[in-house]
Amino acid sequence: MIGVLVVNVLLSAPQKAFAQTSKPNIVFVLVDDMDADTINIAPEKYAPHIKSLLIDKGVTFPNFFVDVSLCCPSRTSILRGQYAHNTGVLNNSRDEGGFQQAHKNKLEQETIATSLKANGYRTALIGKYLNGYPDTVRDDDDKIPDTYVPPGWTEWYSPMEKGKNKNKAKGYGNPYTQYGYTLNQKGRLVKYGNNPEDYGTDVYTGFARNFIKNSARDNKPFFLYFAPFNIHSPYTSADRYKPLFRDPKIKAPRLDNFNEAGTDAGGFKTKPQFMRKHLKRLNKRQIDFVDKSYRKRLRSLQSVDDAVNKLVDTLKESGQLDNTYIVFTSDNGYKQGIHRISLGKESAYEEDIRLNLFVRGPGIPAGKKLPQIVGNIDFFPTFADIAGVQPPRFVDGRSFLPLLKGTTEPRKWRSAFLIEHTLSKKNALEAEDDLDNDLLQLEEEERSQLADEDDLDNDVVQLEDEEQSQLADEEQSRRKKKQQVKFPTYQAIRTRNYTYVEYETGAKELYDMKKDPYQLDNLASKADRALLQRLANRLSKLRTCKADSCQAIEEEEDESFTA
């Protein structure tokens, strides 16, 4: 494959250290659908390079949150530094979100990439961009070409999104499977095959390493946005990692809320009615499905761990490691058997919204944890702060660089963060009681799961749209193994002590996160009315906040403040 050969030739050239760039460099590693516990349970075993090179060498933020636990809204918030209600990208569907809405709202005209590039940085996006890119913007909308590259990026290596419309007609393939995809390489479309060297994350890593070396050679500060599709379904691993983690004794984390029980005093019986109505305790077959998926996710993670190691090596070899901030996180979390849900995201539960954030770089202490609440809306202002650039006035987030440097007092930091979710209209049913009556329906993005989940060796299967009709029987079988629920539209607030959720159906949830970290006992019906009112009032203000007003509301002292 010509594209792979070019990368390999460049990487085989002799390595040379160059002078440090004039400004600090930024390497941002954004993985897909990775919950915190996938690494946290045993990082030395499941992500040894991430542990030794990032966790042990830098700062961990255990209280890092995303405003929307879904790919495109979260990624848009990262690029813009705004809550979803201000970007207008509310979910992945073209009518309310996805690349379509980001492009329609002209959000790409001013992002962290445009800001850094305008101030002398080389910028590169390598891997996943926004869901539906570029397929969901139809010809009659904007007539953007398939080779479209958004403003602000010096280099661009992003694949055509999943197989619909143009992708299907032109055979662009599905990048989530890691093989048979089509990559937009700086405005030129290159088709990759199904050979081991075509594995997507390996190809992206090669381009990332070249970008680092070339920028260092030219003494140009750089911003690398590295976004592999791992560990999103179908959890395809590179061939070299397929033998790993086959032992059935390796199981998804068994937290206290795994396959949640119900009691007369609390437990699942306190959950909202739409959950109680549809979610029974998982049976053995469903739990086996969760565990098999977990082992696949671990195998998929190995390519990310390998990429981190190679990127750090390249930074070291080019003389840039000591002048580079490396930031590692995910776009959203992922439930694995939690609260009786087989797999999924989009809820306000901790497994979906609370993620890992690891940062190493100049002047950052090694192996330290910082307790402050930080969020995905903070990346734009933080990266701008690192580069010495003033962020635009529309930004809702704040720079956490002062936290890394130890120059911010705790009382001057936020004590609350907004969580949002908008149920796609195509999934919303007219009858309120039946709002979530599609629990057995597989999410569209997971339809490329294997026809036979029991075949652990059949990891590289691409299910194009035209093949779906042939899988009706197999899909029905899979549905019996999965138990999901669609969460109604909601807004929530996460403070130091509480998670408070208001659904558009009228249902509410309240959890004391200090006493009940696994969110087993919903206190909404029995909590102090004054506490509920304070949380509701603050949420009401946050759900419509903009820019500086967001920061002011977030900083209000609340009932949970501790010095």
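Report on the accompanying structure. (Residues numbered from 1 in each chain as written. Predicted model: local features only at pLDDT ≥ 70, side-chain atom pairs only at ≥ 80, totals over all residues. Heavy atoms only, no water.)

**Digging into unusual backbone geometry**
For the bond running from Tyr 133 to Pro 134, omega is -15°, close enough to zero to count as cis. Along the chain, Pro 134 turns up in the loop between β4 (122–127) and β5 (155–159). Cis geometry is found at the peptide bond from Ser 233 to Pro 234, where omega equals 10°. (Helix = DSSP H or I, 4+ residues; strand = E, 2+ residues; numbered from the N terminus.)

**Structural notes on helix α10 (residues 200–217)**
For α10, which comprises 18 residues, the first-to-last C-alpha distance of 26 Å matches the rise-based estimate of 26 Å (1.5 Å per residue) to within 8%. Taken across its 18 residues, α10 has 15 buried, putting it largely inside the fold. Where α10 terminates, the next one or two residues include Asn 219, which has phi positive at roughly 55°. (Expected span 1.5 Å × (residues − 1). Buried < 20%, exposed > 50% of the residue type's maximum accessible area, 1.4 Å probe, protein only.)

**Things to note about the sheet that holds strand β6 (residues 182–185)**
The strands that make up a sheet pair up through hydrogen bonds in the backbone, lying either parallel or antiparallel. Strands sit in the order β7-β6-β5-β4-β8-β1-β9-β13-β2-β14 across an open sheet of 10 strands; the sheet is mixed. Single-partner strands in this sheet number two, and they are β7 (188–191) and β14 (368–369). (Pairing = 2+ DSSP bridges.)

**Quick look at the state of the cysteines**
Counting across every chain of the model gives 1 disulfide. There is a disulfide in this structure between Cys 545 and Cys 550, and the S-S distance comes to 2.1 Å. Disulfide Cys 545-Cys 550: the torsion about the S-S bond is 95°, which places it as right-handed. Like Cys 545, the residue Cys 550 is buried in the burial classification. With no disulfide partner, Cys 71 has as its closest neighbouring cysteine sulfur the one in Cys 72, 8.2 Å distant. (Disulfide = S-S within 2.5 Å.)

**What to know about the layout of surface pockets**
Taken as a whole, the second largest pocket encloses approximately 810 Å³ of empty space. Counting residues per element, the ones that place at least two in the lining of the second largest pocket are α2 (37–40), α13 (350–353), β12 (354–355), β14 and β17 (490–495). (1 Å grid on protein atoms, 1.4 Å probe; cavity = no way out; pocket = protein on both sides within 12 Å on 5 of 7 lines; lining within 4 Å. Points joined across faces, edges and corners; volume = space filled by probe spheres on them.)

**A closer look at the packing of α10 against helix α12 (residues 284–317)**
Packing of α10 against α12 brings their axes to within 10 Å, and their N-to-C directions diverge by 15°. Relative to α12, α10 is oriented roughly parallel. Our pair here, α10 against α12, has a crossing hand that is right-handed. Across from Thr 201, Thr 205, Ala 208, Arg 209, Ile 212 and Lys 213 in α10, the residues of α12 making contact are Ser 303, Ala 307, Lys 310, Leu 311, Thr 314 and Leu 315. (Axes fitted to C-alpha atoms, helices over the stretch in contact; angles between N-to-C directions. Parallel < 35°, antiparallel > 145°, perpendicular 65-115°, else oblique. Left-handed = near helix turned anticlockwise from the far one by under 90°. Contact = heavy atoms within 4.5 Å.)

**Let's talk about the sheet that holds strand β19 (residues 508–512)**
Spatially, 4 strands are ordered β16-β17-β18-β19 in an open sheet, and the strand pairing comes out antiparallel. Looking along the sheet, the strands with just one partner apiece sit at the ends: β16 (416–421) and β19. Recorded for the sheet is a direction-independent mean angle of 10° between the axes of neighbouring strands. Sheet analysis places β16 next to β17, joined by 6 bridges and oriented antiparallel. Its bridge partner being in β17, Phe 417 is matched across the sheet by Arg 494.

**Remarks on the packing of helix α4 (residues 48–55) against α12**
Where α4 meets α12, the closest approach of the two axes is 8 Å, and the angle between their N-to-C directions is 40°. Between α4 and α12, the angle is such that the two are oblique. In this structure, α4 meets α12 at a crossing whose hand is left-handed. On the side of α4, the interface is formed by Pro 48, His 49, Ile 50, Leu 53 and Leu 54, while α12 contributes Val 304, Asp 305, Asp 306, Val 308, Asn 309 and Val 312. For the contact of α4 with α12, the class distribution of residues is 7 nonpolar, 2 polar and 2 charged. (Nonpolar A, V, L, I, M, F, W, Y, C, P; charged D, E, K, R; others polar.)

**Regarding the packing of aromatic side chains**
By the definition in use, this model includes 33 aromatic pairs. Taken together, a centroid distance of 5.3 Å and an interplanar angle of 80° make the contact between Tyr 46 and Phe 245 edge-to-face. You can see Tyr 46 sitting in helix α3 (residues 43–46) and its partner Phe 245 sitting in the loop between β8 (222–227) and α11 (273–278), a full 199 residues away along the chain. Each member of the pair, Tyr 46 as well as Phe 245, is classed as buried. With centroids separated by 4.9 Å and ring planes inclined at 80°, the aromatic side chains of Tyr 176 and Phe 229 adopt a geometry described as edge-to-face. With Tyr 176 in the loop between α9 (165–170) and β6 and Phe 229 in the loop between β8 and α11, this pair connects stretches of sequence that are 53 residues apart. Classification of Phe 229 by relative accessible area gives buried; the value is 2%. A cation over an aromatic ring shows up here: Arg 254 above the ring of Phe 258, its NZ or CZ 4.2 Å from the ring centre. One Lys or Arg, Arg 398, reaches over the ring of Trp 413 and ends 5.2 Å from the middle of that ring. (Phe/Tyr/Trp six-rings, centres within 6.5 Å; stacked < 30°, edge-to-face > 60°. Lys NZ or Arg CZ within 6 Å of the ring centre and 35° of its normal.)

**A few points about the environment of Val 389**
Position of Val 389 relative to the elements: it lies in the loop between α14 (379–387) and α15 (401–405). Of the residues examined, Val 389 reaches a relative accessible area of 11% and is grouped as buried. Through-space distance from the C-alpha of Val 389 to that of Ser 115 is 7.5 Å; in sequence the pair is 274 residues apart. Excluding its chain neighbours within four sequence positions, the residues that come into contact with Val 389 are Ser 115, Leu 116, Asn 119 and Ala 384.

**What about the environment of Gln 273?**
Structurally, Gln 273 can be placed in helix α11. Sequence-wise, Gln 273 and Ala 507 are 234 residues apart; in three dimensions their C-alpha atoms are separated by 7.8 Å.

**Looking at the side chain of Gln 185**
Looking at where Gln 185 falls in the secondary structure, it is placed in strand β6. Filtering out sequence-adjacent residues up to four positions away, Gln 185 remains in contact with Trp 156, Tyr 157, Val 190, Tyr 192 and Phe 207.

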